[in-house]
Amino acid sequence: MSRSVKIHPDNKPTVLLALERQGFLTQGDLAAHLGIALSTVSNFVNSKAVSISKFEEICETLELDKRAITQPVAPNAHPSTESSFPPITFTAYSQETWVGRTEIITQWREKLRENCRILLITGITGQGKTALGIPQAKECQELKDKLEADGN
């Protein structure tokens, strides 16, 4: 009797959807959650044999039917790549979610209107430099494109 098992290759999309549905952004996230090697999760996802105990543990975490994913998918029964859950949206770059940044944004806009060519944004990790900078850069590019289209 075999001591390892693997998913059928037809079921890889099902596994990837289950990863997303359960909130694991990467295979590494699932491996860390379960306290197992990333190679084990990678082997699982890529239809390579893993130990029965790890296979069952991964299936349970992803809420997958361990028997069904070892079988080929019936014709016309392949899971849709569209999840029934709403897409994950990252709001870090959305100005609507910012709190207490209005003064900084106003100062940046004034400097950029004064023909400032370089605006350095410094600070420690995780303070929101990119989240603040990207929308401002897009806004500047849109303004530039509009001025060029108007012939200015």
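Here the residue index of a chain counts from 1 through its sequence in written order. Local features are withheld for residues below a pLDDT of 70 in this predicted model, meaning they are given only at 70 or higher, and side-chain atom pairs are given and counted only at 80 or more; totals for whole chains, interfaces and linings count all residues. Note that water and hydrogens are dropped before the side-chain values are worked out from all heavy atoms of the structure.

### Some points on the pattern of salt bridges
Definition in use: The salt bridge criterion pairs a side-chain nitrogen of Lys or Arg with a carboxyl oxygen of Asp or Glu, the two atoms within 4 Å. In DSSP terms, a helix is any run of H or I states spanning at least four residues, a strand is any run of E spanning at least two, and both are numbered starting from the N terminus.
Tallying each qualifying case throughout the model produces four salt bridges. Across the salt bridge formed by K144 and E148, the nearest N and O atoms sit 3.7 Å from each other. Within this pair, K144 and its partner E148 are both found in helix α6 (residues 129-150), separated by four residues, close to a single helical turn.

### Observations concerning the packing of helix α5 (residues 102-113) against α6
Which entries qualify depends on this criterion: Think of each axis as a best-fit line through the C-alpha atoms, taken over the contacting stretch in the case of a helix, with angles from 0 to 180 degrees between the N-to-C directions. Handedness of a crossing follows from how the near helix is turned relative to the far one, being left-handed for an anticlockwise turn of less than a right angle and right-handed for a clockwise one. Note on contacts: a residue pair is in contact if any heavy atoms of the two residues lie within 4.5 Å. Side-chain classes follow a simple rule in which Ala, Val, Leu, Ile, Met, Phe, Trp, Tyr, Cys and Pro form the nonpolar group, Asp, Glu, Lys and Arg form the charged group, and the remainder, Gly included, forms the polar group.
Where α5 meets α6, the closest approach of the two axes is 11 Å, and the angle between their N-to-C directions is 35°. As α5 packs across α6, the resulting crossing turns out to be right-handed. Along the contact surface, α5 presents I105, W108, R109 and L112, while α6 presents L132, G133, Q136, E139 and C140. The class makeup of the residues in the contact of α5 with α6 is five nonpolar, two polar and two charged.

### Thoughts on the nonpolar core
Which entries qualify depends on this criterion: Definition of nonpolar core: a set of buried residues of the types Ala, Val, Leu, Ile, Met, Phe, Trp, Tyr and Cys, connected through side-chain atoms within 4.5 Å. Exposed residues in this analysis have more than 50% of their type's maximum accessible area, buried residues have under 20%, and partly exposed residues fall in between, with area computed by a 1.4 Å probe over protein chains only.
Grouped together as the largest cluster of nonpolar side chains are 19 residues, with contacts concentrated most on L30, F44, I58, L62 and L64. For this core, the elements supplying multiple residues, two or more each, are α1 (12-21), α2 (27-34), α3 (38-45) and α4 (52-62). Setting aside its immediate chain neighbours within four residues, L62 contacts V15, A18, L19, R21, Q22, F24, L30 and F44.

### Considerations on the confidence of the model for the chain
Using the following cut-off: The quantity called pLDDT is the predictor's confidence in a given residue, expressed from 0 to 100.
Averaged over all residues, the pLDDT of the chain is 81; the fraction at 70 or higher stands at 82%. Note on residues 88-92: pLDDT under 50 across the span, and five contacts to partners over four residues away in sequence or across chains.

### Observations concerning the side chain of N11
How we decide: Nitrogen and oxygen atoms within 3.5 Å of one another constitute a polar contact, given that in protein one can donate a hydrogen and the other can accept it, and given that sequence-neighbouring residues count only through two side-chain atoms.
Mapped onto the elements of the fold, N11 is located in the loop between β1 (4-5) and α1. The class of N11 is buried, set by a relative accessible area of 5%. Reaching out from N11, the side chain makes a polar contact with the backbone oxygen of I69 at a distance of 2.9 Å. Setting aside anything within four residues of it in sequence, one finds N11 in contact with A68, I69, T70, Q71 and V73.

### A short note on α4
Put simply, the rule is: When we speak of the arc, we mean the arc of directions from the helix axis to the C-beta atoms.
Listed in full, the buried residues belonging to α4 are F55, I58, C59, T61 and L62. Seen along its axis, α4 keeps its buried residues to an arc of 165°; they face one direction. On its buried face, α4 is in contact with β1, α1, α2, α3 and β2 (50-51). Just past α4, the residue E63 takes up positive phi, approximately 55°.

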